[in-house]
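Tertiary structure, described
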Amino acid sequence: MAKKKKNLELRDKNLEFTENSITYKLIRFKPDNMTLDVFRYENGKKLDEYNIPFAHIPKAIKKLIKPN
């Protein structure tokens, strides 16, 4: 049976990126299924908590997280 990897908390790093006028602030990285929990903001207003695949974030952010 494969080992379960621990979730990586990203709140203290204050990582964020903007795409299509929506700002995504990273909360945690889940290495088991390679997804990120993020908060979505539009015009400074918090929309919701959202889950996105690791592959869909910008390359510069991927280098900071280092999933391996």
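Numbering of residues starts from 1 in each chain and follows the order in which that chain's sequence is written. Reporting of local features is limited, given that this is a predicted model, to residues whose pLDDT is at least 70; pairs of side-chain atoms are given and counted only at 80 or more, and all residues count toward the totals for whole chains, interfaces and linings. In computing side-chain properties, one takes all heavy atoms of the structure into account and sets aside hydrogens as well as water.

If a residue is not glycine, its phi is most likely negative; likewise, a peptide bond is most likely trans. One non-glycine residue, Met-34, adopts positive backbone phi at about 55 degrees. Only DSSP runs of H or I with at least four residues qualify as helices, and only runs of E with at least two residues qualify as strands; both kinds are numbered from the N terminus onward. Inspection of the secondary structure puts Met-34 in the loop between strand 3 (22-30) and strand 4 (35-42). Categorising residues by exposure relies on relative accessible area from a 1.4 Å probe, with only protein chains included: less than 20% of the type maximum marks a residue as buried, more than 50% marks it as exposed, and the intermediate range marks it as partly exposed. Using a relative accessible area of 35% as the deciding quantity, one classes Met-34 as partly exposed.

Another aspect to go through is the pairing of strand 2 (residues 16-19). Should DSSP find at least two bridges between two strands, the strands are taken to pair. Note that strand 2 and strand 3 share 4 bridges and pair antiparallel. Bridge pairing links Glu-19 to Ile-22 in strand 3. Linking strand 2 to strand 3, which pair antiparallel, is a turn of 2 residues; within it Asn-20 sits at a positive phi near 55 degrees.

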